[in-house]
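Chains, contacts and geometry: an overview
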Amino acid sequence: MRNLFFSSLLFVSISCLSQENSKVENVILITIDGCRWQEIFNGADSMLLFGKKYGNSDADRLIEKFWDNDLNKRRERLLPFLWNTIAKEGRLYGNRNLGSRFSVRNKIRYSYPGYAEIFTGYVDTSFKTNDLVYNKNTNVFEFLNKQNKFKGKVASFASWDRANGFLNKQRSTFFINAGYDDVNSEDLSFLQKTLNSLQKKYHTTEQARPDYITYLHAKEYVRQHQPKVLSIGFAWTDDMAHDGNYPKYLDKIFFFDNMIQDLWEYIQKLPQYKNKTALFIAVDHGRGLGERWVGHGPDVPPSENHTNETWLAVLVPGMIKTGEVENGPELFNAQIAGTIAKILGYKFETEYPVGLPIADLF
Ligand SMILES: [Zn+2]
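Now for a description of the structure that goes with this document.

**As for the overall build of the protein**
The helix and strand inventory of the protein stands at 14 helices and 11 strands. In terms of C-alpha radius of gyration, the protein reaches 19 Å, essentially the compact-globule figure of 21 Å for 362 residues. On the principal axes, the C-alpha backbone points of the protein span a range of 55 × 50 × 40 Å. Expressed as a percentage of the 362 residues in the protein, the buried residues total 59%. Taking contacts inside the protein between residues at least 6 apart in sequence as the whole, the part at least 24 apart equals 74%. Counting every atom, the protein has about 15,300 Å² of accessible surface; 52% of that belongs to carbon and sulfur. Side chains of the protein give 44 positive and 42 negative charges; the mean places of these two sets differ by 4 Å.

**Digging into the environment of Tyr122**
When you line up the elements, Tyr122 lands in the loop between α7 (111–120) and α8 (140–145). The class of Tyr122 is buried, set by a relative accessible area of 5%. Taking the C-alpha atoms as reference, Tyr122 lies 20 Å from Gly94; in sequence the two are 28 residues apart.

**Focus on the coordination of the zinc ion**
Protein coordination at the zinc ion: the donors are Asp33 (OD), Ser111 (OG), Asp284 (OD) and His285 (NE2), at 1.8 to 2.1 Å from the metal. Viewed at the metal, the four donor atoms of the zinc ion are separated by angles of 92 to 130°, and the geometry they form is tetrahedral. Considered as a linear motif, the donors of the zinc ion on their single chain read D-x77-S-x172-D-H. In this pair, Asp33 is assigned in the loop between β1 (26–32) and α2 (37–42) and Ser111 in helix α7, connecting sequence segments 78 residues apart. Assigned by exposure class, Asp33 and Ser111 land together as buried.

**Thoughts on the pattern of salt bridges**
A complete count under the given rule lists 17 salt bridges for this structure. Between Arg91 and Asp360 there is a salt bridge; the shortest N-O distance is 2.7 Å. A residue pair is termed long-range when its members are at least 10 positions apart, and Arg91 in strand β2 (residues 90–93) and Asp360 in the segment after α14 (336–343) qualify at 269 residues. Judged by relative accessible area, Arg91 falls into the buried class, the value being 10%. Notably, a salt bridge pairs Lys136 with Asp124, separated by 3.0 Å at the nearest N-O pair. Taken together, the residues span a long stretch of sequence, with Lys136 in the loop between α7 and α8 and Asp124 in the loop between α7 and α8 at a distance of 12 residues.

**Re the sheet that holds strand β11 (residues 331–332)**
Strand order across the open sheet formed by three strands is β8-β3-β11, with mixed pairing between neighbours. Only two strands of the sheet have a single neighbouring strand rather than two, namely β8 (309–310) and β11. Relative to β11, strand β3 (residues 102–103) runs parallel, the two being bridged by two bridges. Counted as the bridge partner of Phe102 is Leu331 from β11.

**With respect to the pairing of strand β7 (residues 277–282)**
Within β7, six of the six residues are buried, which leaves it mostly tucked inside the rest of the structure. The two faces of β7 match: Thr277, Leu279 and Ile281 on one face and Ala278, Phe280 and Ala282 on the other face are all buried. Here six bridges tie β1 to β7, and the two strands are oriented parallel to one another. Counterpart to Ile28 in the pairing with β7 is Leu279.

**Quick word on α14**
Burial analysis of α14 places eight of its eight residues in the buried class, the great majority of the element. All buried positions along α14 are accounted for by Ile336, Ala337, Gly338, Thr339, Ile340, Ala341, Lys342 and Ile343. Of the residues flanking the end of α14, it is Gly345, one or two places downstream, whose phi is positive at about 95°.

**Here's the deal with the packing of aromatic side chains**
Scanning the entire structure with this criterion turns up 23 aromatic pairs. For the ring pair Tyr122 and Tyr352, a centre distance of 4.4 Å and an interplane angle of 20° mean the geometry is stacked. On the criterion of sequence distance, the pair formed by Tyr122 in the loop between α7 and α8 and Tyr352 in the segment after α14 is long-range, its members being 230 residues apart. Centroid distance Phe157 to Tyr221: 5.4 Å. Interplanar angle 65°. Geometry classified as edge-to-face. Taken together, the positions of Phe157 in strand β4 (residues 154–158) and Tyr221 in helix α11 (residues 211–225) put the pair 64 residues apart, joining distant regions of the chain. Residue Phe157 shares its accessibility class with Tyr221, and that shared class is buried. Between Arg75 and the ring centre of Trp83, over which it is positioned, the NZ or CZ distance is 3.5 Å. Here the guanidinium or amino end of Arg105 rests over the ring plane of Phe332, the centre of that ring lying 3.8 Å away.

**Digging into the pairing of strand β6 (residues 229–234)**
Consecutive side chains along a regular strand alternate between the two faces of the sheet. Buried residues dominate β6, accounting for six of its six residues. Sheet analysis places β1 next to β6, joined by six bridges and oriented parallel. What sits directly across from Thr31, in β6, is Gly233. In this structure, β4 lies alongside β6, joined through five bridges in parallel fashion. Its bridge partner lying in β6, Ala155 is registered against Leu230.

Calculation rules
- Residues numbered from 1 in each chain as written.
- Predicted model: local features only at pLDDT ≥ 70, side-chain atom pairs only at ≥ 80, totals over all residues.
- Heavy atoms only, no water.
- Helix = DSSP H or I, 4+ residues; strand = E, 2+ residues; numbered from the N terminus.
- Rg over C-alpha atoms; globule rule 2.2 N^0.38 Å.
- Buried < 20%, exposed > 50% of the residue type's maximum accessible area, 1.4 Å probe, protein only.
- Contact = heavy atoms within 4.5 Å.
- Areas by Shrake-Rupley, 256 points an atom, 1.4 Å probe, with all protein chains shown as cover.
- Lys, Arg positive; Asp, Glu negative; His and termini not counted.
- Charge placed at Lys NZ, Arg CZ, Asp CG, Glu CD.
- Donors = N, O, S within 2.8 Å, 3.2 Å for Na, K, Ca; no water.
- Tetrahedral: all angles 85-135°; square planar, octahedral: opposite > 155°, others 65-115°.
- Salt bridge = Lys/Arg side-chain N within 4 Å of Asp/Glu carboxyl O.
- Pairing = 2+ DSSP bridges.
- Phe/Tyr/Trp six-rings, centres within 6.5 Å; stacked < 30°, edge-to-face > 60°.
- Lys NZ or Arg CZ within 6 Å of the ring centre and 35° of its normal.

Pasting the structure below:
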């Protein structure tokens, strides 16, 4: 029963790019926890931005920074890199106002099942919570790390320690650094030593590691090792949302956009990456509407539950169809893993049926 969804749509064998034909040599997958498609495509929500006072937070500054009556200017203010570069040179899925639907397939709509779906291309219905479970299902990073071309060239960084679970660090053959774990190696750089020390001092709550520390660990790893397959998982958007602090949630989205721009501009200076790298940006679940924006999950009444609604950005300069997608079939997070493999010239096949690559990208 649990594979029923896949039977007609996804579990179909198709031909794919041969390894030789793929010009893309690297993939970077960035996730931003629980960032709604509504903010991505509409910018700041006036009802939420103006509707409430937020204690001692700097809400007025953030209203000044993120608000504009014009939709295009408003979303550019929040996500300047996404709208000025990715939207022009890449492809954006999930603007439901234009009829483009991107969704999670799992019915739980929490983070752990969401990330498991993204990385494995599969909905394991045994995942019902965010508990730390070592995922028995093979993920696409493991799959790629088994290919000669990518062996030892795969790495994952995440602010949230559950990445050790959904990527299964216990059996992993590729590099994983998540939560407040130190980056360990024989020759730590000055920056890595500093970050390891800083994050220990910061680690006083159960919250995820600050995203800027995760980002700097990842960027330093890129400088040192130049992985061909890399993921970076950011978490603080979701924390701010659960706190009900809308201006701070927007602030984290803006900072996220800045970090992506910084990384993208950096890798364009490195011959290994320049014009050979695909960037994917994905999200593990949506959030509710109106006052329900703070939460997500299976408990919201079905008629109001939009927390399955996600989005996807893909940037591969000069190699894919570009622009904001309008209409088309509903697409799923479970298709991301297969799409990543395909763009690198592989067909991701494993012990379970994998979501089909997104056809209109190629
Ligand atoms: Zn989440």
